Amino acid sequence: MADSIVIFGASGDLTSRKLIPALFQLFVKGRLPEGSRIIGVSRSAFEHEQWRDSLRETTAQYAADAFDNEKWAAFSENVFYQRGDITIPDDFISLGKFLDSIELDESGSPCAECGRVYYLSTMPQLYETAIQNLGDAGLSNDSNGFRRVIIEKPFGTDLTTAQALNQSIHSSFREDQIYRIDHYLGKETVQNIFALRFANSIFEPVWNRNYVDHVQITVAEEVVIGRRAGYYDTSGILRDMFQNHLLQLMMITAMEPPASYDAALVRDEKVKVLHGVRKMTGGDFASDTVRGQYEGYLDEEGVPVGSSTETFATLKLYCDNWRWQGVPFYLRSGKGMSCRTTQIVIQFKQVPYILFDDMPKAPIGNRLVIQVQPAEGIQMHFETKVPDSEMRTRTSTLDFSFQGTSGGRSLPDAYQRLLLDALNGDASLFARSDEVELAWGIIDPIIAAWKSPAAPALHQYQTGLWGPEEASEWMQQQHREWFDVCPVLR
Ligand code: BG6
């Protein structure tokens, strides 16, 4: 059955850079259900052909490896454009009519069971209005085929706004029709954490407080904020990266195995991790967090004078449950860092006793490094004997690179996987309402404390390094060190 993907915000950057290239690549691989239609909606006036032409150019740029004129011609036959303003209810009635006019079966009769996915790739301030208008125009009614809505981040700006947004969405769509995107969940290596943990038996016995000293989750970006000051300065790194991406990575690292790989059960287990995260109180905000801002941030175009918005943060979180009691999870992210990497480091405990007298210092302990990007892979660190020495050891590595196993093909962009899952009705890699709200419940108090007079100092750091020196000193005070290697695998 051919379904429709309706993209609100059709003239935006995300549509041309990510969504259309992802859909085109799915089409080329034969994964997009045959005849699937893509309908762009925005306020600009375009004819179908004009929109196709502009997408042709951008897709040739962003999906260069897969681009082929003939395939594009076949794909773009089912690409349409409908002018519409999200704030005008009548435009949704017109959209409904237009969709009915193109959703036809092979005999030319109205398609009885064509599904629709509405993708909100608009300004977040418009989500509520779009959803309300979709509902009022009867476009969420799924009696004739599924109706699903995909919502981009940010989902609210704090717990109160996220709750209000959830409530308002639920008046038009049921929870099982809602797909809240966190593009980190669509990354191959993030999904590979499920495989690593739950398709192997050797890791599970050591994946707990008995063997793990601590976990580091780092999302470092070389880029600075560029021209995004308008958004970034009111958001800051905790809202931009921690409430969503970093907590998602933590959930997948820390969760229990679900009873089966089913959206509800996977998300139940993830949510339990958030329930276990110890809320910071009192002095914790100063002792368990480090905040920073890169030098030069205040000179970026559009940043208000004297802004104290953080571009770097690290949090020490604990998950109070049987598996993780007492094991710190260090979450760290920053702009203007030494290189772009997303990595999860499982740092195992040191051996209980050093047997060999020749060792200059105790080995640091085994590490499992999961590099989510740029080159996706896994590295295991373990001690081996230095050849031709007394019993001295050094750290050796075992590398696994995803690229090496994908037959030279580049790994699919996260949006391919997520769009396909939404079309297939698999919500495992999307955030549920309780998950989003619990995540805000963890982040909100830290944001509030950082805005209060008792806020810890905002450390300046030079771009091109690993954030403020104070973050390294803070780790050393805890007798630990950051795994500042980037990239681990190429
Ligand atoms: C976005 C943030 O969600 O993720 C950006 O708003 C950030 O600030 C981006 O740069 C990072 O995504 P990726 O996939 O490039 O790691």
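The notes below deal with the structure included here.

Thresholds, definitions, all that
- Residues numbered from 1 in each chain as written.
- Predicted model: local features only at pLDDT ≥ 70, side-chain atom pairs only at ≥ 80, totals over all residues.
- Heavy atoms only, no water.
- Pairing = 2+ DSSP bridges.
- Helix = DSSP H or I, 4+ residues; strand = E, 2+ residues; numbered from the N terminus.
- Axes fitted to C-alpha atoms, helices over the stretch in contact; angles between N-to-C directions.
- Contact = heavy atoms within 4.5 Å.
- Salt bridge = Lys/Arg side-chain N within 4 Å of Asp/Glu carboxyl O.
- Buried < 20%, exposed > 50% of the residue type's maximum accessible area, 1.4 Å probe, protein only.
- Near = heavy atom within 4 Å.
- Polar contact = N/O pair within 3.5 Å; in protein donor to acceptor, adjacent residues only side chain to side chain.
- Areas by Shrake-Rupley, 256 points an atom, 1.4 Å probe, with all protein chains shown as cover.
- Nonpolar A, V, L, I, M, F, W, Y, C, P; charged D, E, K, R; others polar.
- Parallel < 35°, antiparallel > 145°, perpendicular 65-115°, else oblique.
- Left-handed = near helix turned anticlockwise from the far one by under 90°.
- Phe/Tyr/Trp six-rings, centres within 6.5 Å; stacked < 30°, edge-to-face > 60°.
- Lys NZ or Arg CZ within 6 Å of the ring centre and 35° of its normal.
- Lys, Arg positive; Asp, Glu negative; His and termini not counted.
- Disulfide = S-S within 2.5 Å.

Some points on the sheet that holds strand 13 (residues 377–385)
- Taking strand neighbours across the sheet as the criterion, the 9 strands line up as 14-13-12-11-7-10-9-8-15 in an open arrangement whose pairing is mixed. The sheet terminates laterally at strand 14 (393–401) and strand 15 (458–461), the two strands that pair on one side only. Adjacent strand axes in the sheet meet at a mean angle of 20°, parallel and antiparallel pairs treated alike.
- Judged from the 6 bridges that link them, strand 11 (residues 341–348) and strand 12 (residues 367–373) form a sheet pairing that is antiparallel. Note that in strand 12 the partner of Gln347 across the bridge is Arg367.
- Contacts from helix 14 (residues 469–477) reach strand 7 (212–220), strand 8 (289–294), strand 9 (312–318), strand 10 (328–334) and strand 15 within the one sheet, and its direction differs from that of strand 9 by about 20°.

Focus: the pattern of salt bridges
- The final tally for this structure, using the stated rule, is 23 salt bridges.
- For Glu49, the salt bridge identified is with Arg52, shortest N-O distance 2.8 Å. In this pair, Glu49 and Arg52 are both assigned in helix 2 (residues 48–62), 3 residues apart and thus about one turn of the helix distant.
- What makes Glu49 partly exposed here is its relative accessible area of 44%.
- Note that Asp213 and Arg480 form a salt bridge whose closest N and O atoms lie 2.8 Å from each other. Taken as a pair, Asp213 in strand 7 and Arg480 in the segment after helix 14 lie far apart in primary sequence, 267 residues in all.
- It is possible to trace a salt-bridge network through shared partners that takes in Lys153, Glu221, Asp240 and Lys335.

Some remarks on the site of the ligand
- In the vicinity of the ligand, the residues found are Lys153, His183, Tyr184, Lys187, Glu221, Arg228, Asp240, Met241, His245, Lys335, Arg340 and Gln373.
- Take Arg340: an N or O atom from its side chain is 3.4 Å from an oxygen atom of the ligand.
- In isolation the ligand exposes 400 Å². Once the protein is present, 80% of that is buried.
- Per-element accounting of the shell around the ligand gives the leading share, 3 residues, to helix 8 (residues 229–254).
- The residue makeup of the shell around the ligand, split by class, is 2 nonpolar, 3 polar and 7 charged.

Section: the sheet that holds strand 4 (residues 116–120)
- Spatially, the 6 strands line up as an open sheet ordered 3-2-1-4-5-6, and their pairing is parallel. Each edge of the sheet is formed by a strand with only one pairing partner; in this case those strands are strand 3 (79–83) and strand 6 (178–180). Strand-to-strand twist in this sheet, taken as the mean axis angle between neighbours without regard to direction, amounts to 20°.
- Looking at chain direction, strand 1 (residues 4–8) and strand 4 are connected through 5 bridges and run parallel. Within the sheet, the bridge partner assigned to Ser4 lies in strand 4 and is Arg116.
- With respect to the sheet, helix 1 (residues 13–28) is in contact with strand 1, strand 2 (37–42) and strand 4, its orientation differing from that of strand 1 by roughly 170°.

A look at helix 12 (residues 414–424)
- The element helix 12 is extensively covered by neighbouring structure, given that 9 of its 11 residues are classed as buried.
- All buried positions along helix 12 are accounted for by Ala414, Tyr415, Gln416, Leu418, Leu419, Leu420, Asp421, Ala422 and Leu423.
- Taken together, the buried residues of helix 12 touch strand 1, helix 1, strand 4, strand 5 (147–151) and strand 6.
- Where helix 12 starts, the residue carrying a side-chain oxygen 3.0 Å from the main-chain nitrogen of Tyr415 turns out to be Asp413.
- Following helix 12 by one or two positions, Gly425 adopts a phi angle in the positive range, close to 75°.

Details of the side chain of Asp421
- Structurally, Asp421 can be placed in helix 12.
- Its relative accessible area of 7% is what places Asp421 among the buried residues.
- Apart from residues lying up to four places away in sequence, Asp421 is in contact with Tyr179, Asp426, Leu429 and Phe430.

Some points on the packing of helix 9 (residues 263–276) against helix 13 (residues 433–451)
- Two numbers describe how helix 9 lies on helix 13: the axes approach to 10 Å, and their chain directions differ by 15°. On the basis of their axis angle, the class for helix 9 and helix 13 is roughly parallel. Note on packing geometry: the crossing formed by helix 9 with helix 13 is left-handed. In this structure, helix 9 contributes Arg267, Lys270, Val271, Leu274 and His275 to the contact, and helix 13 contributes Asp434, Glu435, Leu438, Ala439 and Ile442.
- Per-class residue counts for the contact of helix 9 with helix 13 are 5 nonpolar, 1 polar and 4 charged.

Things to note about the packing of aromatic side chains
- With the rule as written, the count across this model stands at 22 aromatic pairs.
- Here a set of aromatic residues connected by ring pairs shows up, and it is made of Phe24, Phe27, Phe67, Trp72 and Phe75.
- Residue placement shows Lys187 over the ring face of Tyr184; its charged tip is 4.6 Å from the ring centre.
- Its end group placed over the ring of Trp482, Arg332 keeps NZ or CZ at 4.0 Å from the ring centre.

Thoughts on the side chain of Lys187
- Here Lys187 shows up in the loop between strand 6 and helix 7 (188–198).
- The buried charged residue Lys187 lacks any salt bridge partner; its closest oppositely charged side chain belongs to Asp413, at an N-O distance of 6.7 Å.
- Setting aside anything within four residues of it in sequence, one finds Lys187 in contact with Arg340, Val372, Gln373 and Ala414.

Brief notes about the state of the cysteines
- Counted according to the given criterion, the structure contains 2 disulfides.
- Put simply, Cys111 and Cys114 are joined by a disulfide, and their sulfur atoms are 1.9 Å apart. Disulfide Cys111 to Cys114: torsion about the S-S bond roughly 100°, handedness right-handed.
- Given the relative accessible area of 15%, Cys111 is considered buried.
- Sulfur-sulfur distance for the disulfide between Cys339 and Cys486 comes to 1.4 Å. Disulfide Cys339-Cys486: the torsion about the S-S bond is -85°, which places it as left-handed. Of this pair, Cys339 sits in the loop between strand 10 and strand 11 while Cys486 is found in the segment after helix 14, placing the two residues 147 residues apart along the sequence.
- What makes Cys339 buried here is its relative accessible area of 12%.
- Once the disulfide-bonded cysteines of the protein are ranked by sequence position, their pairing pattern turns out to be 1-2, 3-4.

Nothing here speaks to function; it is geometry throughout.
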